[in-house]
Amino acid sequence: FGLMTYDPGFLNTASCRSSITYIDGERGILEYRGIPIEQLCEHSTYLEVAYLLIYGELPTRKQLDDWVYEITHHTYVHENIKDFMDGFRHDAHPMGMLLASVGALSTFYPGASNIRDENERHMAAVRLIAKMPTLAAFAYRHSLGLPYVYPDNELSYTGNFLSMLFKMAEPRYEVDPRLERALDVLFILHADHEQNCSTNAVRGVGSSLVDPYSAIAAGIAGLYGPLHGGANVQVLKMLRRIGSVENIPDYLESVKNGDERLMGFGHRVYKNYDPRARIIKSNVDEVLEAVGKTSPLLEIATELEKRALDDEYFTSRKLYPNVDFYSGLIYEALGIPTESSTVVFAIARTSGWIANWLEMLEDPEQRIARPRQIYTGPRNRDYVSIDQR
Ligand code: CMC
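The paragraphs below set out a description of the structure included in this document. Values in this document were obtained by computation on a predicted structure and should not be read as measured data.

On to the site of the ligand. The ligand sits among 20 residues. The nearest are His 228, Arg 261, Leu 262, Gly 264 and Arg 268. Within the backbone of Leu 227, a nitrogen or oxygen atom sits 3.3 Å from a nitrogen atom of the ligand. Phe 265 places a polar main-chain atom, nitrogen or oxygen, 3.0 Å from a nitrogen atom of the ligand. Protein burial of the ligand: of its 930 Å² of free accessible surface, 71% is covered by the chains.

With that settled, the discussion passes to the nonpolar core. Formed by 121 residues in total, the largest nonpolar core has its most connected members in Tyr 32, Trp 67, Leu 98, Met 238 and Leu 262. Look past the residues within four positions of Leu 262 in its chain and what remains in contact with it is Met 238, Tyr 251, Leu 252, Val 255, Leu 304, Ala 308 and Phe 314.

Next up on the list: the pairing of strand 1 (residues 21-24). As paired strands, strand 1 and strand 2 (residues 29-32) are joined by four bridges and run antiparallel to one another. Within strand 2, the position partnered with Thr 21 by the bridge is Tyr 32. Hairpin connection between strand 1 and strand 2: a loop of four residues separates the two successive antiparallel strands, and Gly 28 in this loop has a positive phi of roughly 70 degrees.

Applying the stated rule across the entire model yields one cavity of 30 Å³ or more. By volume, the largest cavity amounts to about 40 Å³. Breaking the lining of the largest cavity down by element, the ones donating at least two residues are helix 6 (118-144), helix 7 (157-166) and helix 17 (341-362). For the lining of the largest cavity, a count of residues per class yields seven nonpolar, one polar and no charged.

Moving on, we get to the pattern of salt bridges. Tallied over the entire structure, the rule returns 20 salt bridges. The partner of Arg 172 in a salt bridge is Asp 152, with the nearest N and O atoms 2.8 Å apart. Remark: Asp 152 occurs in the loop between helix 6 and helix 7 and Arg 172 occurs in the loop between helix 7 and helix 8 (177-190); sequence separation between them is 20 residues. With relative accessibility at 13%, the residue Asp 152 sits in the buried group. Residue Glu 332 pairs with Arg 240 through a salt bridge whose shortest N-O separation is 2.6 Å. You can see Glu 332 sitting in helix 16 (residues 324-334) and its partner Arg 240 sitting in helix 11 (residues 231-242), a full 92 residues away along the chain. According to the relative accessible area criterion, Glu 332 is partly exposed, its value standing at 26%. Three or more residues joined by partner-sharing salt bridges are found here, namely Glu 253, Lys 256 and Asp 311.

Rules and cut-offs
Residues numbered from 1 in each chain as written. Predicted model: local features only at pLDDT ≥ 70, side-chain atom pairs only at ≥ 80, totals over all residues. Heavy atoms only, no water. Near = heavy atom within 4 Å. Polar contact = N/O pair within 3.5 Å; in protein donor to acceptor, adjacent residues only side chain to side chain. Areas by Shrake-Rupley, 256 points an atom, 1.4 Å probe, with all protein chains shown as cover. Core = buried A, V, L, I, M, F, W, Y, C linked by side-chain atoms within 4.5 Å. Buried < 20%, exposed > 50% of the residue type's maximum accessible area, 1.4 Å probe, protein only. Contact = heavy atoms within 4.5 Å. Pairing = 2+ DSSP bridges. Helix = DSSP H or I, 4+ residues; strand = E, 2+ residues; numbered from the N terminus. 1 Å grid on protein atoms, 1.4 Å probe; cavity = no way out; pocket = protein on both sides within 12 Å on 5 of 7 lines; lining within 4 Å. Points joined across faces, edges and corners; volume = space filled by probe spheres on them. Nonpolar A, V, L, I, M, F, W, Y, C, P; charged D, E, K, R; others polar. Salt bridge = Lys/Arg side-chain N within 4 Å of Asp/Glu carboxyl O.

None of the figures reported here should be taken as evidence of function without further support.
As structure tokens, then:
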């Protein structure tokens, strides 16, 4: 192997230096730019956190006002994007639509390929954060055959997103402040998580110096997969399959036999309770109360967690609930359909992707990401003509 290190899945390879997000997986600690996630969820807003991730410091009042103003006034997408959305089949997956339409944005903003221009980089950051909820909501409305709802600049970031999803009548969607805040907290929790699959994809593709819309589209593709952002969808499907508390022991047996995975459990980095799962869990009841619903799935999830955490199979492997174990339940309570919940994750993660993309560009040590391989195929074979095979 020479001097090469064989490390499939990068279990022991640091692909970059970063000062954005700190994780201590053994102790269950997550910090953005050094500030604990618990404090940010209590005191901050998603847009303030996005600024923190991207620019490294909490904004002053004036910086925050300007940032929020800019994002609020770039939420509209070009009208042709609507035609683009209309071209998808009625049952197209919203993540596929989001992935394609974010990639398409690069053709609407060709100046963004000038990635050494500071203003272009700033505008791409603003546009991506501003337009992602619009594209996500359009994808959702398309799947229902409903007319698209234009952004409402009088509403907050999350209030506007809820309006674009659910508004049915004029003049305005009435946003429940409790739901607006619950969604904002979910956005903060999902905003960044260092070198996960999608962020690694953004950095890897971005290292070719492609425009930011294309690099972020690569991140969305990574997030689409069931072992990454798609896990919350799998959790809801699993809870529905289990169906009732009595079936939990059988289900856990099939997990231990290796026939199933306990979705929403386990993490490459956390070998302790995921701090994000703890915060989300504490929000589920509040959201259910705000929408006046009960959730039979919550009962199953709570009991499943309890039994798994009492079971030697899970404790010996340090498998704890991760962010996705309870997030799907909040999305469901908010009325966001299962298939669209990964799209919501993508909106939130956009700020982390951009922060990582910018950091990668500014790193003088960064070169094009180009891992090596251990070749295992044959050598020195002769070509055989087609009529002799
Ligand atoms: N259910 C049952 N067994 C598991 C699970 C699980 N969810 N996760 C890991 N294991 C077992 C695995 O079988 C292995 O056991 P053994 O040592 O006997 O072979 C051991 O634990 C180590 O697992 P691994 O697959 O080597 O761990 P990994 O770091 O490669 O995978 C993971 C991490 C998140 C992909 C995995 O834990 C998993 O598939 N979890 C379920 C999917 C999920 O919830 N994904 C969301 C991740 S968090 C949010 C995000 O990143 O998007």
